[in-house]
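The primary structure of each chain is shown beneath.
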Amino acid sequence: MQMWTGLELPKIKILERLKFKSFKIGASIAFGFLLLSFTADKKPVTIYLIGDSTMADYSNNYEPGKDYMKTRYPVTGWGQVFQEFFKKDSLGYFHDLFRTDSVIVDDRARGGRSTRTFFQEGRWRKVYESLRPGDIVMMQFGHNDAAENKPERYVDTTGYKEFLRLFVSQSREKGAFPIILTPVARNYPWKEGVLEDIHGMYDLAPREVALEMKVPLIDLNMRSRAFFTKKGKEYVSEHYFMNLPAGVYEAYPKGQNDNTHFQPDGARAVAQQVFEGLKVLALDSLKPSPYTIQTTSEKLKKYYPDVTPTGLPDKLKTDLKKDIIYRVGDGTDKKADIFLPNKGRKPHPAVLLVHGGGWISGSKDNMEILAYDLARAGYVAMNVSYTLSDEKPYPAALNDLHAALTYLRNHAEEFNVDPDRVAVLGASAGAQLASLSGVTGTGNSKVQAIINIDGIVSFVSPEAEEGRYAAKWLGGYKSENLEIWKAASPLEYVSENTPPILFVNSAQPRFHAGRDAMINELKNRGIYSEVHTIPDSPHSFWLVNPWYEPTITYITDFLKNVFDE
């Protein structure tokens, strides 16, 4: 392939490359990423950084023959400290982007460079020639592209976008994966305690290229401005940017007044924001695995050869209202299957059932045998679908469940439901949701009992794990969204109005997070609860025999007790 090192970019050839690549990669990339599977040899993944001085590594022979500590320190580019974030125990965050035991950060950024000069000087060519399939190219420009008063650097936004397109398309040609960053914030202008945007169209341009070419974007301008605003102007000016007193640093005997470049703490703070942005991109790439009764049974057979899948009989002994729309959504209506008892004319107690699947997969089909057996036992069983995390994050699913409970009560006469005896039941992630709806419901969405089958009730308790599926559903990891993780924890809402609760648990402790604390809170308030742990059982035990029968028995016994039947 011909590389271009002159000023003029042949747009036809670039467009031809883009057109070819759009055919070649097509729908196989979602926002620019494929799952990079290095499971066989787990080769290191190299992350190439291309950009300007705010990203550069000044310590790595930046000026040959000169001592960094004497001539440059403390100026530090965020790329200079980016490697330290990729410790072995942090690589699990990126399981859905790449699978490797090590990441190598190769910082090629250089001060004073715009996209144009980085290309013209042959710096991009050296990166291009080094790229291997599976490598990552992170590009952050804009500061120097926008420098109209420095014509040796300046490039208008049309050219800026054209060079970004070139870096993207040629990265993809080598099997590498490009990521575009908006330019990092400068320490001005501040207005009423808020750091505002200085980049204007040079912030918009990379967004447009990312959208046009379906490239992952880390909005570093927004992230850094929000973070600096939280810290405050005085703090970031003194500790993060290169505002230095005289007589402290050998390289700056007269001090320095620089609100663009970073001291070490500022560089680490920005690198942390980039790292967090990369974690979010990994969550965007997280895709559901099939979670059905059949797939679960097949997986468990490897360890429990005698398991058999549950399922409905060929001929039902109850009435079934299939795919009833209980909530009209944005293009995706939410549906329920309602199993109705055949016996008795008096209004029946009701149970809302919520399937599991890590908030991202599964379906109401997984709960139909439970719904059917509850109907045979005399309960109206409403088995619902709800909004999964790849559609919308929390609290969309919770709102669905409150809407389902409201629908059930509004149609109590039609389905012969006793509105004063309604329970919510969930399994795994559905158990967390059922518990959350049970402790937060009001009015027509209020319930009189909760049944939790192996689901956590706290995302923030010491024993809770910070899982990728939870992070996707909650819109980010706990370090960035602690308040949301807390808000989605049923334990936080226990009060005198909390209904009785049944826990049916596996022998796997990680699915019990918050349970014991919740039981203590209920006990202190005189609220009834039960716990049954099925010995030597795996998670998803309720989907297969021999554990299904004790599960349905625990459930019906609890409901009879709570509803005084």
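Everything discussed here concerns the structure shown above.
A brief structural summary. Since the model is a prediction, treat every value here as computed from it, not as a measurement. (Residues numbered from 1 in each chain as written. Predicted model: local features only at pLDDT ≥ 70, side-chain atom pairs only at ≥ 80, totals over all residues. Heavy atoms only, no water.)

Remarks on the overall build of the chain
Line of reasoning, step 1. When helices and strands are tallied, the chain shows 18 helices and 19 strands.
Line of reasoning, step 2. Per-residue burial for the chain yields a buried fraction of 55% across its 565 residues.
Line of reasoning, step 3. If you sum the accessible surface of the chain, you get close to 24700 Å²; carbon and sulfur atoms cover 50% of it.
Line of reasoning, step 4. Once the 69 positive and 70 negative side-chain charges of the chain are each reduced to a mean point, those two points are 4 Å apart. (Helix = DSSP H or I, 4+ residues; strand = E, 2+ residues; numbered from the N terminus. Buried < 20%, exposed > 50% of the residue type's maximum accessible area, 1.4 Å probe, protein only. Areas by Shrake-Rupley, 256 points an atom, 1.4 Å probe, with all protein chains shown as cover. Lys, Arg positive; Asp, Glu negative; His and termini not counted. Charge placed at Lys NZ, Arg CZ, Asp CG, Glu CD.)

Description of the pairing of strand S11 (residues 319-327)
Line of reasoning, step 1. Pairing between S11 and strand S12 (residues 334-340): 6 bridges, direction antiparallel. Bridge pairing in S12 links isoleucine 325 to lysine 335.
Line of reasoning, step 2. As consecutive antiparallel partners, S11 and S12 are separated by 6 residues, and within that stretch glycine 331 has a phi angle of approximately 90°, a positive value. (Pairing = 2+ DSSP bridges.)

As for the sheet that holds strand S2 (residues 103-107)
Line of reasoning, step 1. The strand order across the open sheet built from 5 strands is S2-S1-S3-S4-S7, with neighbouring strands paired in parallel fashion. Edge strands, defined here as strands with exactly one partner in the open sheet, are S2 and strand S7 (217-218).
Line of reasoning, step 2. Two elements, strand S1 (residues 45-51) and strand S3 (residues 136-140), share 5 bridges in a ladder whose sense is parallel. Note on S3: the bridge partner recorded for leucine 49 is methionine 138.
Line of reasoning, step 3. Most of the contacts of helix H6 (residues 201-213) go to strand S4 (residues 177-181), to which it runs at about 150°, and overall it touches S4 and S7. (Contact = heavy atoms within 4.5 Å. Axes fitted to C-alpha atoms, helices over the stretch in contact; angles between N-to-C directions.)

What about the sheet that holds S12?
Line of reasoning, step 1. One open sheet accounts for 8 strands, arranged S11-S12-S14-S13-S15-S16-S17-S18; its pairing is mixed. In the strand order of this sheet, the two ends are held by S11 and strand S18 (529-533), each with one partner. Averaged over all adjacent pairs, the angle separating strand axes in this sheet is 20°, with direction ignored.
Line of reasoning, step 2. On top of the sheet, helix H14 (residues 429-440) reaches strand S13 (348-354), strand S15 (417-427), strand S16 (449-453) and strand S17 (501-505); it is set at about 145° to S15, its chief contact.
Line of reasoning, step 3. Strands in contact with helix H17 (residues 515-524) are S17 and S18; relative to S17, the strand with the most contacts, it is inclined by about 155°.

Side note on the layout of surface pockets
Line of reasoning, step 1. Reported here for the largest pocket is a volume of approximately 990 Å³.
Line of reasoning, step 2. Lining the largest pocket are 30 residues, with Gly358, Tyr469, Arg510, Phe511 and His539 positioned closest to its centre.
Line of reasoning, step 3. Only helix H10 (293-301), H14 and helix H15 (468-473) provide two or more residues apiece to the lining of the largest pocket.
Line of reasoning, step 4. Taken as a whole, the second largest pocket spans an internal volume of roughly 270 Å³.
Line of reasoning, step 5. Residue lining of the second largest pocket: Phe227, Lys230, Lys231, Ala269, Gln272, Gln273, Glu276, Ser479 and Glu480, and that is the complete set.
Line of reasoning, step 6. Listed by contribution, the elements that provide at least two residues to the lining of the second largest pocket are helix H7 (220-231), helix H9 (264-284) and helix H16 (478-487).
Line of reasoning, step 7. Here the lining of the second largest pocket is built from residues that sort into 2 nonpolar, 3 polar and 4 charged. (1 Å grid on protein atoms, 1.4 Å probe; cavity = no way out; pocket = protein on both sides within 12 Å on 5 of 7 lines; lining within 4 Å. Points joined across faces, edges and corners; volume = space filled by probe spheres on them. Nonpolar A, V, L, I, M, F, W, Y, C, P; charged D, E, K, R; others polar.)

Here's the deal with the packing of aromatic side chains
Line of reasoning, step 1. As enumerated under the stated definition, the model contains 35 aromatic pairs in all.
Line of reasoning, step 2. Look at phenylalanine 94 and phenylalanine 98: their rings are 5.5 Å apart centre to centre, the planes differ by 25°, and that puts the pair in the stacked class. Of the two residues, phenylalanine 94 and phenylalanine 98, both sit in the buried class.
Line of reasoning, step 3. Aromatic pair phenylalanine 119 and phenylalanine 163: ring centres 5.5 Å apart, planes at 50°, arrangement tilted. One end of the pair, phenylalanine 119, is in helix H3 (residues 115-120); the other, phenylalanine 163, is in helix H5 (residues 157-173), and 44 residues separate them in sequence.
Line of reasoning, step 4. Site record: aromatic cluster; members linked through ring pairs are Trp78, Phe82, Phe85, Phe86, Tyr93, Phe94, Phe98, Phe275 and Tyr477.
Line of reasoning, step 5. Taking NZ or CZ as reference, lysine 174 lies 4.5 Å from the ring centre of tyrosine 128, over its face. (Phe/Tyr/Trp six-rings, centres within 6.5 Å; stacked < 30°, edge-to-face > 60°. Lys NZ or Arg CZ within 6 Å of the ring centre and 35° of its normal.)

A closer look at helix H11 (residues 368-376)
Line of reasoning, step 1. With 8 of 9 residues buried, H11 lies mostly within the body of the structure.
Line of reasoning, step 2. All of the buried residues in H11 are Glu368, Ile369, Leu370, Ala371, Tyr372, Asp373, Leu374 and Ala375.
Line of reasoning, step 3. Backbone geometry just after H11 places glycine 378 at a positive phi near 105°.

Side note on the nonpolar core
Line of reasoning, step 1. Core analysis: the biggest nonpolar cluster contains 55 residues, and Tyr326, Met382, Phe459, Trp473 and Met518 have the highest contact counts within it.
Line of reasoning, step 2. By residue number, the principal contributor to this core is helix H12 (residues 396-410), which donates 8 residues.
Line of reasoning, step 3. Apart from the residues within four sequence positions on either side, tyrosine 326 is in contact with Lys334, Lys335, Ala336, Met382, Val384, Ser385, Tyr386, Asp400, Ala403, Ala404 and Tyr407.
Line of reasoning, step 4. Among the nonpolar cores identified, the runner-up in size contains 49 residues, and Tyr58, Val236, Ala267 and Leu278 belong to it. (Core = buried A, V, L, I, M, F, W, Y, C linked by side-chain atoms within 4.5 Å.)

Focus: the side chain of serine 489
Line of reasoning, step 1. Tracing the backbone through its elements, the reader meets serine 489 in the loop between H16 and S17.
Line of reasoning, step 2. A polar contact is formed between the side chain of serine 489 and the backbone oxygen of tryptophan 485, at a distance of 2.8 Å.
Line of reasoning, step 3. Residues in contact with serine 489, not counting those within four places in the same chain, are Leu436, Val457, Ser458, Phe459 and Val460. (Polar contact = N/O pair within 3.5 Å; in protein donor to acceptor, adjacent residues only side chain to side chain.)

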